[in-house]
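Take a look at the letters that make up each chain.
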Amino acid sequence: MTQAFRIENVGLINRDKKLSFKFNGKTYFGYEGDTLASALLANGVHLVGRSFKYHRPRGFFGAGVDEPYAVVQLYRNGETEPNIKATEQELFDGLEAKSVNCWPSVNFDIGAINNFLKIFLPAGFYYKTFMWPKSFWYRIYEPFIRKAAGLGVASTKHDKERYEHKYEYCDLLIAGSGPSGLASAFAAAKNGAKVILAEDKPRFGGSLLTSDVNIGNQSGKDWAEGIIAELKTMPNVVVKNRSQIFGYYDHNMLVMSEKVSDHLPSTKKYHPNKRLWYIRAKEVLISSGSIERPIVFGNNDTPGVMLSSAAKEYLKVYGVLVGRKPLVFTNNDSGYETAIEFKKHGVDPIVLDSRKNPESEIIDEAKNLGINIKNSYVVVAAQGYKKVKSADIASISEDKKQLGEIENLQCDCICVSGFWTPTIHLASQSGNKTKFKEEIDAFVPGQSKQNEITLGAANGVFSLDETLKTSFRAGSELSKKITEKDNEIAIPNVVEKKSSQHDKFWCVPLPKGKNYKRFLDFQNDVAVSDVEIALREGYRSIEHVKRYTTLGMATDQGKTSNLNGLQLVSEIENKVVPAVGHTTFRPPYTPVSIGAIVGREVGKHSKPTRKSPMHSWHEKNNAVFVDAGVWLRPRYYKRGNENLFEASKREAKNVRANVGVCDVTTLGKIDVKGPDAAELLNRVYTNAWLKLPVGKARYGVMLREDGIVMDDGTTTRISENHYHMTTTTAQAANVLSHLEYYLQLVWPELNVNVVSTTEQWAGAAIAGPKSRDLLKKLFPNSDVSNEGLPFMGYMEGDLFGVKARIFRISFSGELAYEVNVESDYGNFMWEKIIKVGEEFNIQPYGTEALSTLRIEMGHVAGSELDGRTIPFDNALEGLVSKKKDFIGKRSLQRTAFTAEDRQRIVGVVPLDKQTSIPEGSHLVKDDKAPLPNPKLGHISASCWSVEYDNPFSLAILKDGKNMIGQKLFAMSPLKNKVIPVEIVSSHYVDPKGERVRS
Amino acid sequence: MLYINCPHCGMRSQNEFSYGGDASVKRPELNKEVSDQEWDNFVYNRKSLRGKHLELWQHISGCRQWIKVERDTATHEIFRTFKADEEVA
Ligand SMILES: [Zn+2]
């Protein structure tokens, strides 16, 4: 294929590097430095997609971020990505892209019958038509819409690419590297400020790349290159291309997406695909430029109709002619600049200017070049379906209401310019109160809310001379405030052509008897008639009109359509545009890939993984792990072909019969130290703590102020002013914050310090009737007899030369101990326990067996302390002191908490002693009662009792105290189970608690 | 993301902190008779102001100190910050 529309020796592309790519299955060639759009246009491809609603043919409208049409599905290195703008996607060798919104193909599209059969989809169509009958929605309407609409498909595969996040701080963040960005960055950098200059395009320079200006005796482009080269050498400056600042958040936090690899065939090793920058800037300089807006006329969505600035960019940057018979339709001088470029490259354009008799240097130049100019002329309608073939044109009266005789003019593209719209998105996102600037018919930033300033075209200033002067000054003054340096910079001399006032004209009237569609929003297919309908139906607020018509709601966020929409509303409503107001700009300014937002926090990295010091031993011994908060804990140790049920039963049985060891490192541990430590514990826990002797542990329950149980655990008095508190694994962080809250804010007079020691200690629970025998062998020098170390006793011991803490506490309900050593000795401790325990048939047990043991003993855990229960509900009221005050005590007097039939923990056994009851099942009186069946309680935890060899569950049951012996039904609609059950005591095994004291 | 001046550590981003609610709430003293209304006001009733609000934050991934932050709930402007034991005038 030849690149028929590429012209010689023009542009900034690298003609030495030819690249091959595929579009809709067909192979084409382009050059390094092309975008997908410029390469397609070089090959004469104008048809790239179908529109969202009517499936009308779509071409290219812009050359960058404002592009509403050319959204493609991209295939790269075995991955696919939707919603890619062909105008932003840089070409690489082997690139593959496909059109979206067309089925079966871009040339023949079924959805286009929407257009031909005149089944029109006017404003509010979705709301009106697809609402009734309701049953049609899921079966008919939704599948239809899904098939016919949408902007591509997301990949269902795991994304192999890597995305990074980066946090950065700077003095000045500058958004956009056009003339104002470069000048302000340069001035600030010279004053020593830390500057970040961000450019979303691959090339720096913005409008200087295409404009015919002179700065300091150089072309604008050369001047820009010089400035960038110098900035790059300065250590206090970061310049980033392919980097879009898309969000402006509170306290001058801006977020930027850097495309690191999108322009390459595949991501380099150790490189991310994209990098998301969180930048906190002292000052923000917005130099985001402006976007040309279209003039609205009939069939203005036909491929070949495009912005005049885009046509100029394709020519000057890429050496591509968007047509050989161009028609330029303009209401200002910008159209002439494009026409001049065409003429200079051997193409004869015709200019239609809606103005009667404009005069300026630019127009003079066009005239001198012999360009055919028609004043007071407009394009009424484009003709041609898949490509512009001709244009219906007419003269227009001065009041812009009357059209003259329609003439048909042959052309192959229509380059349209309706003047410039400042890009105020970032300023608006920052909370800036924007204002309407009459001279340019557009909004510009007004009163700043944050430390932000907008310069140049983004601020509605289109003179290069003025832009450079204000930008050098702003960069210098803002940096001076920060660095207190003031290096004078000579402001270069600027040569630019003066332009004349634009015409306040934006929409061509319909000729008599014609009903052309005149589009406002090209991506969402919103036409003038749609907005008219919305207003006729009573929508007034621009925010409502937007939602009803979907004007400006597509992925381009109305970059080319917003202002014309406002003009229309103001015209029909007979209000001025500022009174109509614009809709709110919200981040992101351009679509950002989800991968970049998520960063590296995917899969197993979505949360940190904490492992105990004994983790590798567990791994070597076939542990199957389970997530416990952020910890990985052994759930069971698999032997042979055992499943979870078999293994946990074996492990639990062995604890009841012999001795087991469980890794309890994950329990939260907090050191509580100070002369008032006991007083703090006494206020935090529901029971009494002032008389706990040194060397003793006590079980405690702590409440929130609302009376709900927050956590439980044992706390041991290590020495006079030193307590070792344990918390559940899940609540460890919350409990520490809770203690700090009371110590710092409520009772600062208490002389206590708290610090987390969770990671300082490795813990092993040794449980079972033979645990004391094992302990005697582990600590031959310590008296661990029932007298020497009674239940709830504590001592220090010597574990083969390692200092250990020995607690006689039990979660399993068996005679049990917990041994702690410093974390580094955790594995040493564990291996010793296993080795010495061999003769007592020791087995390690995981969390599943641990649960079984605690459930059949009726010990509560997280599933009962679920943030909805008070001490009574958990049969813990015996631990609630009547004498002293504590956190949450007053709440326990609330009526609901003292009700006679208050819910309470019970045991539940299936009548058939066979069927395990799913956790979460509801307990009901009558399994046949009509729905909703009144719920009496729920199953909080279930196990297979190894003591009785039948299923056993715990439940929180209404009036549980008086329900023992009753027969109910446990219903689990999820598992489709109805199980007749009997309510028993929650203390199913060893109800008197004799074993722990044995 | 807010930028909070921790009185102990300096300017830090919001993601180092956790929010702790209204700082003007005073816990009733221990061992004191408290009416239902008074207790409900302490535990539950919050004004959810629009405008200047004194609130608690904990510098959870920093110095772990609870601090008081004077913030506008509508504009997110932060006026002043205080140590836990500092009087707010
Ligand atoms: Zn701090």
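Residues numbered from 1 in each chain as written. Chains lettered and ligands numbered in written order. Predicted model: local features only at pLDDT ≥ 70, side-chain atom pairs only at ≥ 80, totals over all residues. Heavy atoms only, no water.

1. Re the overall build of chain B
What counts here: Helix numbering and strand numbering both begin at the N terminus, where a helix is a DSSP run of H or I of at least 4 residues and a strand a DSSP run of E of at least 2. Using a 1.4 Å probe on the protein chains alone, a residue whose accessible area is under 20% of its type maximum counts as buried, one over 50% counts as exposed, and one in between counts as partly exposed. What makes two residues a contact is simply this: any of their non-hydrogen atoms within 4.5 Å. Note on areas: Shrake-Rupley with a 1.4 Å probe; residue coverage comes only from the protein chains shown. Counted as positive: Lys and Arg. Counted as negative: Asp and Glu. His and the chain ends are not counted at all. For the purpose of locating charges, the reference atoms are NZ of Lys, CZ of Arg, CG of Asp and CD of Glu.
The helix and strand inventory of chain B stands at one helix and six strands. Counting from the amino terminus, helix and strand elements in chain B follow one another as β-β-β-α-β-β-β. On the principal axes, the C-alpha backbone points of chain B span a range of 40 × 25 × 25 Å. By residue count, 39% of the 89 residues in chain B fall in the buried class. In chain B, once contacts between residues fewer than 6 apart in sequence are set aside, the share between residues at least 24 apart is 44%. A total accessible area of about 5200 Å² is found for chain B, and carbon and sulfur atoms account for 44% of it. For chain B, the distance from the average site of its 13 positive side-chain charges to the average site of its 14 negative ones is 4 Å.

2. Quick notes on the sheet that holds strand β4 (residues 52-58) of chain B
Under the convention used in this document: Criterion used throughout: strands pair if DSSP finds at least two bridges between them. Lines fitted to the C-alpha atoms define the axes, with helices restricted to the stretch that makes contact. Angles between their N-to-C directions range from 0 to 180 degrees.
Sheet architecture is open: four strands sit in the order β3-β4-β5-β6 (chain B), paired in antiparallel fashion. On the outer flanks of this sheet lie β3 (18-22) and β6 (78-83) of chain B, each paired with one strand and no other. Across the sheet, the axes of successive neighbouring strands diverge by a mean angle of 30 degrees, strand direction being ignored. By the bridge criterion, seven bridges tie β4(B) to strand β5 (residues 66-72) of chain B in an arrangement that is antiparallel. Bridge pairing links B:L54 to B:E70 in β5(B). Lying on the sheet, helix α20 (residues 732-746) of chain A is in contact with β4 and β5 of chain B; it crosses β5(B) at an angle near 85 degrees.

3. Some points on the interface of chain A and chain B
Going by this rule: Buried area is calculated as the accessible area (1.4 Å probe) missing from two parts once they are joined, with the contributions of both summed. Salt bridges are defined as contacts in which a side-chain nitrogen from Lys or Arg sits within 4 Å of a carboxyl oxygen from Asp or Glu. Two N or O atoms form a polar contact when they lie within 3.5 Å of each other; inside protein one atom must be a possible hydrogen donor and the other a possible acceptor, and for residues adjacent in sequence the pair counts only when both atoms belong to side chains. In the scheme used here, Gly and all other residues not listed as nonpolar or charged are polar, with Ala, Val, Leu, Ile, Met, Phe, Trp, Tyr, Cys and Pro taken as nonpolar and Asp, Glu, Lys and Arg as charged.
Listed per partner, the contact involves 30 residues of chain A and 29 residues of chain B. For the pair chain A and chain B, the summed buried surface comes to about 2400 Å²; carbon and sulfur atoms form 52% of the total. Applying the counting rule to chain A against chain B returns three salt bridges. The shortest N-O distance in the salt bridge between A:E705 and B:R27 comes to 2.3 Å. For the interface between chain A and chain B, the tally reads 19 residue pairs in polar contact (both at pLDDT 80 or more). At the level of elements, β8 (163-175), β15 (274-286) and α20 of chain A are the ones that each hand at least two residues to the side of chain A that touches chain B. Here the side of chain A that touches chain B takes nine residues from α20(A), the largest share from any one element. Here the residues of the side of chain A that touches chain B are counted per class, giving 14 nonpolar, five polar and 11 charged.

4. Notes on the confidence of the model for chain B
Basically, it comes down to this: As a per-residue measure, pLDDT tells how confident the predictor is, with possible values from 0 to 100.
For chain B, per-residue confidence averages 95 on the pLDDT scale, and 100% of positions sit at 70 or higher. If you check the scores for this complex, the pTM reads 0.89 and the ipTM reads 0.98.

5. Concerning the packing of aromatic side chains
The description of an aromatic ring pair rests on the distance of the ring centres and on the angle between the ring planes. Residue and element names in this part refer to chain A. Threshold: The criterion for an aromatic pair is that two Phe, Tyr or Trp rings (for Trp, the six-membered ring) have centres within 6.5 Å, with stacked assigned to planes under 30 degrees apart, edge-to-face to planes over 60 apart and tilted to the rest.
With the rule as written, the count across this model stands at 25 aromatic pairs over all chains. Ring centres 5.4 Å apart and planes at 70 degrees place the aromatic pair F419 and F462 in the edge-to-face group. Taken together, the residues F419 in the loop between β24 (413-417) and β25 (420-422) and F462 in the loop between β28 (452-454) and α11 (464-483) connect sequence positions 43 residues apart. Take F419: its relative accessible area is 11%, and that puts it in the buried class. The partly exposed category is assigned to F462, whose relative accessible area is 33%.

6. Remarks on the coordination of the zinc ion
All names here are of chain B. Test applied: Nitrogen, oxygen and sulfur within 2.8 Å of a metal are treated as its donors, or within 3.2 Å for sodium, potassium and calcium (Na, K, Ca); water is not counted, so a site can appear incomplete. Angle rules define the geometry names used: all angles between 85 and 135 degrees makes four donors tetrahedral, while opposite donors over 155 degrees apart and all other angles between 65 and 115 make four donors square planar and six octahedral, leaving every other case irregular.
Donor atoms from the polypeptide that bind the zinc ion are C6 (SG), C9 (SG), H59 (ND1) and C63 (SG), placed at 2.0 to 2.3 Å. Angles of 104 to 113 degrees at the metal separate the four donor atoms of the zinc ion, which places the site in the tetrahedral class. The sequence pattern describing where the donors of the zinc ion fall on their chain is C-x2-C-x49-H-x3-C. Look at H59 and you get buried, because its relative accessible area is 0%.

7. Re the domain arrangement of chain A
The parts lose accessible area when they come together, and the size of an interface is often stated as this lost area. The test is simple: In this document the domain limits rely on a domain assignment from an automatic tool or a database.
When the domains of chain A are assigned, the result is domain 1 (14-125), domain 2 (163-290 + 422-495), domain 3 (294-418) and domain 4 (899-992). Of note, the centres of domain 2 of chain A and domain 4 of chain A, computed from C-alpha atoms alone, are 67 Å apart.

8. What to know about the sheet that holds strand β29 (residues 494-495) of chain A
Residues and elements named next belong to chain A. Spatial strand order, β11-β10-β29: three strands in an open sheet with antiparallel pairing. Strands with a single pairing partner mark the edges of an open sheet, and in this sheet they are β11 (218-219) and β29. Sheet topology places strand β10 (residues 214-215) next to β11; two bridges connect them, and they run antiparallel. Residue pairing in the sheet places N214 in a bridge with S219 of β11.

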